[in-house]
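Structural characterization, general
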Amino acid sequence: MKAYINILTVFFLLVGLTSCEVIGGIFKGGMWTGAILVIAVIVLVIWLFTKMLGGNKG
């Protein structure tokens, strides 16, 4: 049940933030800020998927 709540949370975040608004806001802050934020989001998504799929069993 907890996995469904996590998936729903990610889904609503993705629906709530349109890509044009996010990209526009990131690049107003500058290229390096945008690059750091994109990398941080990618790392966060990978971490969430590993947690949902049962990572760190050992």
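Provided above is the structure to which this section pertains.
Okay, so let's go over this structure. In this text the structure is predicted, and so the values were computed from the model without any measurement.

Calculation criteria
Residues numbered from 1 in each chain as written. Predicted model: local features only at pLDDT ≥ 70, side-chain atom pairs only at ≥ 80, totals over all residues. Heavy atoms only, no water. Helix = DSSP H or I, 4+ residues; strand = E, 2+ residues; numbered from the N terminus. Buried < 20%, exposed > 50% of the residue type's maximum accessible area, 1.4 Å probe, protein only. Areas by Shrake-Rupley, 256 points an atom, 1.4 Å probe, with all protein chains shown as cover. Expected span 1.5 Å × (residues − 1). Patch = residues over 30% accessible without salt bridge, like charges linked within 9 Å, V, L, I, M, F, W, Y side chains within 5 Å. Salt bridge = Lys/Arg side-chain N within 4 Å of Asp/Glu carboxyl O.

Turning next to the overall build of the protein. Counting its secondary structure elements, the protein contains three helices and zero strands. Overall, the protein shows an N-to-C arrangement of helices and strands of α-α-α. Each of the 58 residues in the protein was classed as buried or not, and the buried ones make up 3%. For the protein, the exposed area adds up to about 5200 Å²; of that, 78% sits on carbon and sulfur atoms.

Helix length check: helix α3 (residues 31–52), at 22 residues, gives a terminal C-alpha distance of 32 Å against a target of 32 Å (1.5 Å per residue), a fit within 8%. Once α3 finishes, G54 follows within two positions and takes phi at roughly 90°, a positive value.

On to the environment of Y4. Within the secondary structure, Y4 is located in helix α1 (residues 2–16). Residues Y4 and M52, 48 residues apart in the sequence, show an inter-C-alpha distance of 9.4 Å.

Right, let's get into a nonpolar patch on the surface. Taken together, the side chains of V10, L14, L44, W47 and L48 present a nonpolar region at the surface, about 470 Å² in accessible area. Take V10: it is sitting in helix α1.

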